[in-house]
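# Structural features, examined
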Amino acid sequence: KVCSACAVDVDMSKEKQYAFAKETLSKMDKNLLASELKKREIDQVHWQNFLQGKVKQGCGKDAAWNTCPVCNWSGYKWRVGIFEVMEYTDDIKNLLLQWKTAFEIEKFALSQGMMNLERDGVFKIIKGATTLDEIYRIVTHKSW
C-alpha cells in the first residue's frame, strides 16, 4: 500500500507501465469497465487523474521525497492484496471439454469480465492504494 503520510500524485504518463495499465483497461468492454469502476467506488477525480497519467507514489520513488519516517523511506506502509477471479460457467466448462488452451480460456474469460491480477492491480492503482511499480513488479508477463 502507498504510505498515506507521504503519498503524492506523480505524472507517470510517459512510463511503459502506465501504457500497459491503460491498455489492459482499453481491452475491457465499456459496460464492464463502468460497472467495475462503480463497484469499486472509484470516483470521477481518481478516474480523471489516472487518464491524465497521475498516480499515487510514496516517498521511495523520488529522492526529493525521502523524508518520511512513517514508512521508513520506502513509500509503502502495510499491504493490499491483488486477486485473480474467474467465474466457472458452462461456457468455461465447454471450453475445457474442448481442450482449449489456457490462453484461449483466459481470453474468453477476460471478455466476460474475469478479473486477472493485472486488472485488479490497475483498479487499485486508480484508487491510490498501490503503485504502477509494485503491480508490474508482480505482473511480469509484460515485455519491458
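Below is a summary of the structure that appears in this document. (Residues numbered from 1 in each chain as written. Predicted model: local features only at pLDDT ≥ 70, side-chain atom pairs only at ≥ 80, totals over all residues. Heavy atoms only, no water.)

### A closer look at the side chain of threonine 24
Within the secondary structure, threonine 24 sits in helix 1 (residues 16-26). With relative accessibility at 7%, the residue threonine 24 sits in the buried group. (Helix = DSSP H or I, 4+ residues; strand = E, 2+ residues; numbered from the N terminus. Buried < 20%, exposed > 50% of the residue type's maximum accessible area, 1.4 Å probe, protein only.)

### Observations regarding the packing of helix 3 (residues 44-51) against helix 6 (residues 117-127)
Put simply, helix 3 and helix 6 touch, their axes get as near as 8 Å, and they point 110° apart. If you check the angle between helix 3 and helix 6, you find them roughly perpendicular. Touching His46, Trp47 and Phe50 of helix 3 are Val122, Ile126 and Lys127, all from helix 6. Class assignment of the residues belonging to the contact of helix 3 with helix 6 gives a composition of 4 nonpolar, 1 polar and 1 charged. (Axes fitted to C-alpha atoms, helices over the stretch in contact; angles between N-to-C directions. Parallel < 35°, antiparallel > 145°, perpendicular 65-115°, else oblique. Contact = heavy atoms within 4.5 Å. Nonpolar A, V, L, I, M, F, W, Y, C, P; charged D, E, K, R; others polar.)

### Concerning the environment of tryptophan 73
Within the element layout of this structure, tryptophan 73 appears in the loop between strand 2 (54-57) and helix 4 (90-97). Overall, the relative accessible area of 44% leaves tryptophan 73 in the partly exposed class. Sequence separation between tryptophan 73 and cysteine 59 is 14 residues, and the spatial gap between their C-alpha atoms is 6.1 Å.

### Comments concerning helix 1
Buried within helix 1 we find Gln17, Tyr18, Phe20, Ala21, Thr24 and Leu25. One face of helix 1 carries all of its buried residues, which in axial projection span an arc of 160°. Lining the buried residues of helix 1 we find helix 2 (30-39), helix 3, helix 6 and helix 7 (132-138). (Arc of directions from axis to C-beta.)

### Looking at the packing of helix 4 against helix 5 (residues 102-111)
Close contact between helix 4 and helix 5 brings their axes to 10 Å; oriented N to C, the two are set at 165°. What the angle tells us is that helix 4 and helix 5 run roughly antiparallel. Every pair of crossing elements has a handedness; the one defined by helix 4 and helix 5 is right-handed. Residue-level inspection shows Asp91, Ile92, Leu95 and Leu96 of helix 4 in contact with helix 5, the latter providing Ile105, Phe108 and Ala109. By residue class, the composition of the contact of helix 4 with helix 5 is 6 nonpolar, no polar and 1 charged. (Left-handed = near helix turned anticlockwise from the far one by under 90°.)

### Here we look at the packing of aromatic side chains
For the structure on display, the rule yields 3 aromatic pairs. Where phenylalanine 20 meets tyrosine 136, the ring centres are 5.8 Å apart and the plane angle is 50°; that geometry is what we call tilted. Pair noted here: phenylalanine 20 is in helix 1 and tyrosine 136 is in helix 7, with a separation of 116 residues, a long-range link. No difference in accessibility class separates phenylalanine 20 from tyrosine 136, as the two residues are buried. Among the aromatic side chains, those forming a connected cluster through ring pairs are Tyr18, Trp47 and Phe50. The cationic tip of lysine 77 hangs over the ring face of tryptophan 78; the distance from NZ or CZ to the ring centre is 5.4 Å. (Phe/Tyr/Trp six-rings, centres within 6.5 Å; stacked < 30°, edge-to-face > 60°. Lys NZ or Arg CZ within 6 Å of the ring centre and 35° of its normal.)

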